[in-house]
Amino acid sequence: MARSRRVNTMSMAAFHKCLLIAAFAAFLALFPARFMAANAAPADSLSDGDKQCLGCHGFDGLKKELAGGKLLSLHVPADGFAKSVHGIIGCASCHADVDLKTHSQKPKTIASSREYSIAMAKICGGCHAEALKQNETSVHATLLASGNPSAPVCTDCHGSHAVSPKTAYDTCVGCHLAAMEAHQKWLPNAGLHLEVVSCAACHAPSAQRMVDLRLYDGVGKKWVAEKQGRPEFENMARAADTDGNGLDAMELRKLMGQINHDEAVQPKNLRGRIELRTGVEAHQLSGKSKAIKDCTSCHQQGAEPFQSVMVSVVSADGKPVRYRAQKEVLGSVLSVDSLREFYAVGGTRNVLLDGLLILAVLAGLAVPIGHQILKRIVKRQLEREAQQSAAAKPKDRDHA
Amino acid sequence: MQRIYVHPLPVRIWHLINAIGFIAMLLTGAQIRYIGLIDLMSFRSAVSVHNWIGFVLIGNYFIWLLFYLFTDKIRVYHPELSPTKHFKASFRQLQYYGYGIFKGSPNPHQVSAYDKFNPMQSMMYQVVMFLLVPLLAVTGILLWDVQGFYGAVDFFGGVRVVDTVHVLLFIFFAFFIFFHVYMGSLGHPPTAHYKAMFVTGYEEVEEQPGHGKAANT
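Everything quoted here is computed from the prediction, not taken from an experiment.

Points about the overall build of chain B
Piece 1. In terms of regular secondary structure, chain B is built from seven helices and two strands.
Piece 2. Seen in sequence order, chain B has helices and strands lined up from the N terminus as β-α-α-α-α-α-α-α-β.
Piece 3. In terms of principal-axis extent, the alpha carbons of chain B reach across some 60 × 35 × 30 Å.
Piece 4. Residue burial in chain B is summarised as follows: out of 217 residues, 25% are buried.

Structure below.
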């Protein structure tokens, strides 16, 4: 029985640290509200109940000893949680089983970190029912059902407290370390593909894709993020979209001109990525045998990913803010500059160049045809002149 | 008739590889760009063939370049420095192709080993060989590895600009290949220039009164 004994441990050092920080927090509370606003930490936006939880769980040293002597960290990074998409719903939304009156005396029974994460996936499904449903047929769920100890559950990809939507390549390669090498074996320009195509765009083959044209700072070498409290991008896009039917190529040019107007030394560009239209569908991830390998899924005029185009920027809290653009912007001659960093060979053809090619081929055919016609006309003319000349000569002789 | 050796072996080898390569590049380029409308091969195969032949043609360009840089035959590419003289000669050449050739007039340009291009050919081939082909090669290399050459791609205005330039050149050469092949057929007999350029290197020219040499295209 001793093996199954569970003990909450907090070192004295951690306890002192806890007291010190609590004292410091109380000191800060005495400052005027204006000063606080200027220095507000994300965790300050949390509810009083959440702050109460973080009173203990906000300390790095808080650990729980599990069966077999393994230690489970019970630390919740306060700022990470506050900034996450779950910061607004609070601790109790997922941990409703915790009774604050008895929590410190009767801590939760946790067999292992892994089992706890698997059990918590059901809690995720309480709100994210569709995502969990999509996940049921995924390669991850199949591996989990087969007992694979490495099969990921919700928290392995999304994090347990600093929860965020995930589309980044970095998330997948956290486990799939050899992804790049595996793709390089068969995929031309593998590095570029993995940079501009989200993993799920090919590995969730039945999902619907789109082009996400995201604002990138070419000088700072980073995605442009909106400043806290100044969400301007959507308003600018809405103002540029004068007819309200999505940005056309001219309106997109106008928008890019406005975005770069104040910061001429920092030209910002739109970088295109192939993403899924809804993040929910990304949960139906399939194994490599079912993943899209057909180049024409994108590299063909009218391909499905190019039927939906969004212009976006990263908001202050890390989430994308999107505004619809018309799909024609991808092939417009006006987009040569405004979409300078996105072009998919075969898929986003410039329609004007298609017309020029037809003209060039027609002109190429017209040269021999036209020259031969000219030859016949000239020869006929010469023959006529020769006949007239021949006819004139006997008359001359007669006159002579 | 007089036989003049105007196409040395390195030039004939370069031209043969170039001819086959350009046709293959145009076809695979069209396949890459118009997959679905043209189905000669898969997109992946077209990209692979296009890349390989592209590098062969870049290497082949240097056969041409080194031959002319290290021989006195470079004189065939010397520009005409008098614009008046050049445009008058070009006009005479145009008159020949538009009228004189049909009534058997002599070609105003007299071919020799060091002066094988008529004024219009001379200007066109200088633009093609010193500007358009290098530009086609550079934009092709950048598109071959956009990520690796990101700095250069960005310098030229982004991948869309580089691709547009590459496609514009593709469009030009799609026209040029028809034009070039047809103009080559204007010898006497029609296969004469093809035979000289691909096989013998010799052009047969008629001796003309006062010139000692005869017409050629």
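From this point on, the discussion continues.
Section: the overall build of chain A
Piece 1. Broken down by element type, chain A carries 17 helices and eight strands.
Piece 2. In chain A, of all internal contacts separated by at least 6 residues, the share reaching a separation of at least 24 is 71%.

Examining the environment of D145 of chain B
Residues and elements named next belong to chain B.
Piece 1. With respect to the helices and strands, the residue D145 is situated in the loop between helix 4 (119-144) and helix 5 (150-155).
Piece 2. By the C-beta count within 10 Å, which is 15 here, D145 ends up partly exposed.
Piece 3. Taking the C-alpha atoms as reference, D145 lies 39 Å from G201; in sequence the two are 56 residues apart.

Points about unusual backbone geometry
Piece 1. Residues H188 of chain B and P189 of chain B are joined by a peptide bond in cis, for which omega reads 0°.
Piece 2. Residue position: P189 of chain B is located in the loop between helix 6 (159-184) and helix 7 (192-200).
Piece 3. Phi is positive for N189 of chain A, which is not a glycine, with a value near 50°.
Piece 4. Looking at where N189 of chain A falls in the secondary structure, it is placed in the loop between helix 11 (179-184) and helix 12 (190-196).
Piece 5. Here the phi dihedral of K221 of chain A falls at roughly 55°; this positive angle occurs in a residue that is not glycine.
Piece 6. Position of K221 of chain A among the secondary structure elements: in the loop between strand 4 (209-217) and strand 5 (222-223).

A word on the domain arrangement of chain A
All names here are of chain A.
Piece 1. Segmentation of chain A into domains returns domain 1 (2-158) and domain 2 (203-352).
Piece 2. Taken together, the nine residues of domain 1 in the interface contact eight residues of domain 2.
Piece 3. Secondary-structure elements contributing two or more residues to the side of domain 1 that touches domain 2 are helix 7 (129-136) and helix 8 (139-145).
Piece 4. Considered class by class, the residues forming the side of domain 1 that touches domain 2 number two nonpolar, five polar and two charged.

Quick word on helix 2 (residues 43-69) of chain B
All names here are of chain B.
Piece 1. Compared with the 39 Å implied by 1.5 Å per residue over 27 residues, the 38 Å span of helix 2 between its first and last C-alpha is a close match.
Piece 2. When we look at burial in helix 2, the residues that qualify are F43, A46, V47, H50, I53, G54 and L57.
Piece 3. Against the buried residues of helix 2 lie helix 1 (9-33) and helix 4.

Points about the interface of chain B and chain A
Piece 1. Chain B puts 30 residues into the contact, and the matching count from chain A is 36 residues.
Piece 2. If you list the elements that add at least two residues to the side of chain B that touches chain A, you get helix 1, helix 2 and helix 6 of chain B.
Piece 3. Per-element tally for the side of chain B that touches chain A: the top contributor is helix 6 of chain B, with 13 residues.
Piece 4. Considered class by class, the residues forming the side of chain B that touches chain A number 17 nonpolar, six polar and seven charged.

Brief notes about the nonpolar core
Piece 1. L213, L247 and V311 of chain A are the most contacted members of the largest nonpolar core, which totals 57 residues.
Piece 2. Setting aside its immediate chain neighbours within four residues, L247 of chain A contacts A237, A240, D241, L252, L255, V311, Y323, A325, Q326 and V329 of chain A.
Piece 3. Membership of the second largest hydrophobic core comes to 14 residues, among which are F22, V133, L136 and F175 of chain B.

Structural notes on the packing of helix 4 of chain B against helix 6 of chain B
Residue and element names in this part refer to chain B.
Piece 1. Helix 6 packs onto helix 4 with a crossing angle of 135° between their chain directions and a minimal axis gap of 9 Å. When the axes of helix 4 and helix 6 are compared, the pair comes out oblique. Crossing hand, helix 4 versus helix 6: left-handed. From helix 4, L132, L135, L136, T139, G140, L142 and L143 reach across to helix 6, where they touch V162, D163, V165, H166, L169 and F172.
Piece 2. Within the contact of helix 4 with helix 6, the residues separate by chemical class into nine nonpolar, three polar and one charged.

Looking at the confidence of the model for chain A
Residues and elements named next belong to chain A.
Piece 1. Across chain A, pLDDT averages 83, with 86% of residues at or above 70.
Piece 2. Averaged pLDDT values for the elements of chain A fall to 40 in helix 2 (residues 33-38) and rise to 94 in strand 7 (residues 309-314).
Piece 3. Between residues 1-13, whose pLDDT stays under 50, and residues either more than four places distant or in other chains, the model counts 17 contacts.
Piece 4. Across residues 22-39 the pLDDT falls below 50, and counting only partners more than four positions away or on other chains, this stretch makes two contacts in the model.

With respect to the packing of helix 1 of chain B against helix 2 of chain B
All names here are of chain B.
Piece 1. At their nearest, the axes of helix 1 and helix 2 sit 8 Å apart, and the two run at 155° to each other. When the interaxial angle is binned, helix 1 and helix 2 end up roughly antiparallel. Handedness of the helix 1/helix 2 crossing: left-handed.

Notes on helix 4 of chain B
Helical geometry note: an α-helix holds 3.6 residues per turn, so side chains three or four residues apart project in the same direction.
All names here are of chain B.
Piece 1. Helix length check: helix 4, at 26 residues, gives a terminal C-alpha distance of 36 Å against a target of 38 Å (1.5 Å per residue), a fit within 8%.
Piece 2. Along its length, helix 4 reaches its greatest deviation from straightness, about 35°, at V128.
Piece 3. On its buried side, helix 4 packs onto helix 2, helix 3 (83-98), helix 5 and helix 6.

Section: the environment of G61 of chain A
Residues and elements named next belong to chain A.
Piece 1. Locating G61 in the fold gives a position in the loop between helix 3 (48-57) and strand 2 (63-65).
Piece 2. Residue class for G61 comes out partly exposed when judged on the 16 C-beta atoms lying within 10 Å of it.
Piece 3. Linking G61 and M236, residues 175 residues apart in sequence, is a C-alpha distance of 46 Å.

Section: the environment of H7 of chain B
Residues and elements named next belong to chain B.
Piece 1. You can see H7 is positioned in the loop between strand 1 (2-5) and helix 1.
Piece 2. It is 35 Å that separates the C-alpha atoms of H7 and S45, two residues lying 38 residues apart in sequence.
Piece 3. With residues near it in sequence (within four places) discarded, H7 still touches R12, A196, M197 and G201.

The rules behind each value
- Sequence order sets the numbering: in each chain, residues are counted from 1 along the sequence as written.
- Key to labels: chains lettered from A, ligands numbered from 1, both in the order written.
- Note on the predicted model: pLDDT of at least 70 is required for a residue's local features to be given, and 80 or more for side-chain atom pairs to be given and counted; whole-chain, interface and lining totals, by contrast, use all residues.
- Going along the chain from the N terminus, every DSSP run of H or I of four or more residues is numbered as a helix, and every run of E of two or more is numbered as a strand.
- With C-beta atoms placed from the backbone, a residue is labelled by how many other C-beta atoms lie within 10 Å of its own: buried for 20 or more, exposed for 12 or fewer, partly exposed between the two.
- We call two residues in contact whenever the C-beta atoms placed from their backbones are within 7 Å.
- The domain boundaries here were taken from an automatic or database domain assignment.
- Classification used: nonpolar for Ala, Val, Leu, Ile, Met, Phe, Trp, Tyr, Cys and Pro, charged for Asp, Glu, Lys and Arg, polar for all others including Gly.
- Expected helix span is given by 1.5 Å per residue-to-residue step, counting one fewer step than there are residues.
- Any nonpolar core is a set of buried residues, restricted to Ala, Val, Leu, Ile, Met, Phe, Trp, Tyr and Cys, that join up through C-beta atoms within 7 Å.
- Between N-to-C directions, angles span 0 to 180 degrees; the directions come from axes that are lines fitted to C-alpha atoms, helices contributing only their stretch in contact.
- For classification purposes, angles smaller than 35 degrees are called roughly parallel, those larger than 145 roughly antiparallel, those between 65 and 115 roughly perpendicular, and all remaining angles oblique.
- Here a crossing is called left-handed whenever its near helix is offset anticlockwise from the far helix by less than a right angle, and right-handed whenever the offset is clockwise.
- Summary of the metric used: pLDDT quantifies the predictor's per-residue confidence within the range 0 to 100.
- The quantity called bend is, for any residue, the angle between two axes fitted respectively to the seven residues ending at it and the seven beginning at it.

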